Amino acid sequence: MKKSTFCMLLVCLTGSLLHAQNLNDIPAQLKENAYSVVIDHQIDFTCESPTSAIQKESITLAILNDKGNDAAFFLEICDKFSELRKFSGEVFNESGKSISKLKKSDLNMTEYSEGLASDNYRYYYEYVPSTYPYIIKFEWEKKYKNGLIGYPTFVPQTMFNQSVAKAAYRLYTNEPYRHKSMFTDEAPKPKQDPKGKQYYEVVFTDLKAVVKESYGPPITALVPRIYFSPVNFSFDGRAGNMDTWQTYGIWQYALLEGRDVLPEPFKAKLKELTAQSKSKREIVQILYEYMQSTTRYISIQLGIGGFQPETATNVNKTMFSDCKGLSNYMLAMLKAMGIPSYYTEISLDRARLIKDYPSASQTNHAILMVPLESDTLWLECTNQTLPFGYVHKSIAGHDAWVIKKDGSEIVRLPTYPDSLNIQQTKATITLQDGGEKQKHMLSKRPTSSSMKTCGILRNSPRISKRNS
């Protein structure tokens, strides 16, 4: 369930640091362990109203060798809430001589996505160099419309073996906003431009390249990043407040209301299926396994669909949906049997949610919480083969946002002890006279941790919709 909203890990440019664009001007310590160097990166985000904004971004990158060429890939994702208005670029050789200039018509555009249906479309450009090193610059402008549920995240370092000479973020807004600094003490400071207009700025300089270590944490857990979001927001005509997870949950719950209605003949069928059940847990299991056997997972991301599930009526008609729609469908089935459950959002990528900073970009998947008298069940509704009640490895131990009418809450999913995280192999081997070995019997008994889990799409490099 990916949120198509606004979290982006973008590469951008201005070249104020190197007027001549000469690689010799880059300090030696920034070249150490570096495949690429961010020479100058600038983001200016101007809120024109609670529902519209202009983002101007620029970046100058030095690509030192072929391992750093991925940093020169330009990608911008647009949808009904955003559009790319301007783009330009230029490529220089190592001595600062211009090789080629780029314009918007040089960009490739595709509407291809991992999902079955999406209103996303992407602009991209991939430079194929003839020699290394080289310098590349991009500069572009993007318009946001129809609502702002978040502001771009500031991530000055986006990959391993990349150093940063200078990166700056400026936020122009007259509305209350919130920020959260991660892995840094830096914070936006109020300033004024020459015309007396106030803005908030944060700047990073001289960030050395981080070397990737085997089995080490991802780059996102090692480098500075700062999240930004409005306190009060409006998205697709729906106003909300993001001061706490509880107030944000009120907005999300409103998107669920009225979407758990099922046809009466189908509700009668559910009662027939569970007529011989002896407990609520047994009813839940029967309905869950019925849902698994009759539905299929697909990804549909249209409009506000990255936040709002498809109606249970439509899922019952088509028998397919994404994680939001299938979780809501299961909720509706249980509701028809008088069993309460709660639509729940979770991240497949990060184990912890930032509890003091609610935002739309922290979750990317939906599951269902079913509280019973003696147990709490967590149902993964996108997988046709997962055992009933099994908490698979992509969500086990993760924080989850349980959305309730009377107040949302963050809880932690259970995880399995190490004693279950094993695989046993039993073999009988006979050594023959010549030293050859003959296997008479070989068997493997995997534990639950090795069972198949559902495949869910990853986030795009921006504030994303829930895309599973």
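Not measured: the values here are computed from a predicted model.

Undergrad: So what exactly am I meant to see when it comes to the overall build of the chain here?
TA: When helices and strands are tallied, the chain shows six helices and 27 strands. Taken over 468 residues, the chain has a buried fraction of 53%. As displayed, the chain offers around 21700 Å² of accessible surface, 49% of which is attributable to carbon and sulfur atoms.

Undergrad: Just to check I follow, could you spell out the packing of aromatic side chains for this structure?
TA: Aromatic ring pairs are reported here in terms of the distance separating the ring centres and the angle at which the planes meet. Tallied over the entire structure, the rule returns 30 aromatic pairs. Ring geometry for tyrosine 177 and tyrosine 200: centres 4.9 Å apart, planes at 55 degrees, overall tilted. Here tyrosine 200 lies in strand 14 (residues 198-207) and tyrosine 177 lies in strand 12 (residues 177-182), a separation of 23 residues in the sequence. Judged by its relative accessible area of 19%, tyrosine 200 is buried. A network of ring pairs unites the aromatic residues Phe81, Phe233, Phe235, Trp245, Tyr248, Trp251, Phe307 and Trp401 as a single cluster. The residue whose ring lies beneath lysine 404 is tyrosine 342, and the NZ or CZ to ring-centre distance is 4.9 Å.

Undergrad: Looking at this model, I keep getting lost on the side chain of serine 341. Mind explaining?
TA: Position of serine 341 relative to the elements: it lies in the loop between helix 6 (323-336) and strand 21 (342-346). Discounting residues that sit within four places of it in the chain, serine 341 has contacts with Leu331, Leu334, Leu368, Met369, Val370 and Pro371.

Undergrad: Help me understand helix 4 (residues 280-294) in this model?
TA: The α-helix advances 3.6 residues per turn, and as a result positions three or four apart in sequence lie on the same side. Given a rise of 1.5 Å per residue, 15 residues ought to cover 21 Å, and the 21 Å separating the end C-alpha atoms of helix 4 matches this to within 8%. What helix 4 keeps buried is the set Ile283, Val284, Leu287, Tyr288, Tyr290, Met291 and Gln292. Residues of helix 4 that are buried sit in contact with helix 3 (264-273), strand 18 (296-297), helix 6, strand 22 (365-371) and strand 23 (376-379).

Undergrad: I keep staring at the environment of glycine 338 and nothing clicks. Help me out?
TA: Structurally, glycine 338 is set in the loop between helix 6 and strand 21. Spatially, the C-alpha atom of glycine 338 lies 9.5 Å from that of lysine 280, the residues being 58 residues apart in sequence.

Undergrad: Sorry, what's going on with the pattern of salt bridges here?
TA: In a structure, side chains of opposite charge can pair up when their charged atoms sit close to one another. Evaluation of the coordinates by the stated rule reveals 18 salt bridges. A salt bridge links aspartate 236 to arginine 238, with the nearest nitrogen and oxygen atoms 3.1 Å apart. Relative accessible area serves as the criterion here: at 24%, aspartate 236 is assigned to the partly exposed category. With a relative accessible area of 31%, arginine 238 lands in the partly exposed category. The salt bridge involving glutamate 409 is made with lysine 404; its shortest N-O contact spans 2.8 Å. One salt-bridge network, in which partners are shared between bridges, spans Lys80, Asp236 and Arg238.

Undergrad: Looking at this model, I keep getting lost on the sheet that holds strand 25 (residues 409-412). Mind explaining?
TA: Across the sheet, five strands lie side by side as 23-22-21-24-25; this open sheet has antiparallel pairing. With partners counted over all chains shown, the strands left at the sheet margins are strand 23 and strand 25, one partner each. Adjacent strand axes in the sheet meet at a mean angle of 35 degrees, parallel and antiparallel pairs treated alike. Of the pairings in the sheet, the one linking strand 22 to strand 23 comprises four bridges and is antiparallel in character. What sits directly across from methionine 369, in strand 23, is tryptophan 378. Running at roughly 20 degrees to strand 22, helix 6 makes contact with strand 21, strand 22 and strand 23 of the sheet.

Undergrad: Mind showing me how you'd approach the packing of helix 3 against helix 6 here?
TA: A pair of packed helices is captured by two measures, namely the crossing angle of their axes and the spacing between those axes. Close contact between helix 3 and helix 6 brings their axes to 9 Å; oriented N to C, the two are set at 70 degrees. Relative to helix 6, the element helix 3 is oriented roughly perpendicular. Every residue of helix 6 that contacts helix 3 at Phe266, Lys267, Leu270 and Lys271 is listed here: Tyr329, Met333 and Ala336. Grouping the constituent residues of the contact of helix 3 with helix 6 by class yields five nonpolar, no polar and two charged.

Undergrad: It is not clear to me how the pairing of strand 13 (residues 189-192) should be interpreted in this structure. Could you clarify?
TA: For a regular strand, side-chain orientation follows a simple rule: the groups alternate between the two sheet faces. For strand 13 and strand 14, the ladder comprises four bridges, and the chain directions are antiparallel. Along strand 14, the bridge assignment pairs glutamine 192 with glutamine 198.

Undergrad: Looking at this structure, how should I read the packing of helix 3 against helix 4?
TA: Two elements in contact, helix 3 and helix 4, have axes separated by 10 Å at closest approach and are oriented at 125 degrees. As summarised for this structure, helix 3 and helix 4 are arranged oblique, according to the angle between their axes. With respect to the hand of their crossing, helix 3 and helix 4 are arranged in right-handed fashion. Between helix 3 and helix 4, the contacting residues are Phe266, Lys269, Leu270 and Leu273 on the first element and Ile286, Leu287 and Tyr290 on the second. A breakdown of the residues in the contact of helix 3 with helix 4 according to their chemical character gives six nonpolar, no polar and one charged.

Definitions and limits used
- Residues numbered from 1 in each chain as written.
- Predicted model: local features only at pLDDT ≥ 70, side-chain atom pairs only at ≥ 80, totals over all residues.
- Heavy atoms only, no water.
- Helix = DSSP H or I, 4+ residues; strand = E, 2+ residues; numbered from the N terminus.
- Buried < 20%, exposed > 50% of the residue type's maximum accessible area, 1.4 Å probe, protein only.
- Areas by Shrake-Rupley, 256 points an atom, 1.4 Å probe, with all protein chains shown as cover.
- Phe/Tyr/Trp six-rings, centres within 6.5 Å; stacked < 30°, edge-to-face > 60°.
- Lys NZ or Arg CZ within 6 Å of the ring centre and 35° of its normal.
- Contact = heavy atoms within 4.5 Å.
- Expected span 1.5 Å × (residues − 1).
- Salt bridge = Lys/Arg side-chain N within 4 Å of Asp/Glu carboxyl O.
- Pairing = 2+ DSSP bridges.
- Axes fitted to C-alpha atoms, helices over the stretch in contact; angles between N-to-C directions.
- Parallel < 35°, antiparallel > 145°, perpendicular 65-115°, else oblique.
- Nonpolar A, V, L, I, M, F, W, Y, C, P; charged D, E, K, R; others polar.
- Left-handed = near helix turned anticlockwise from the far one by under 90°.

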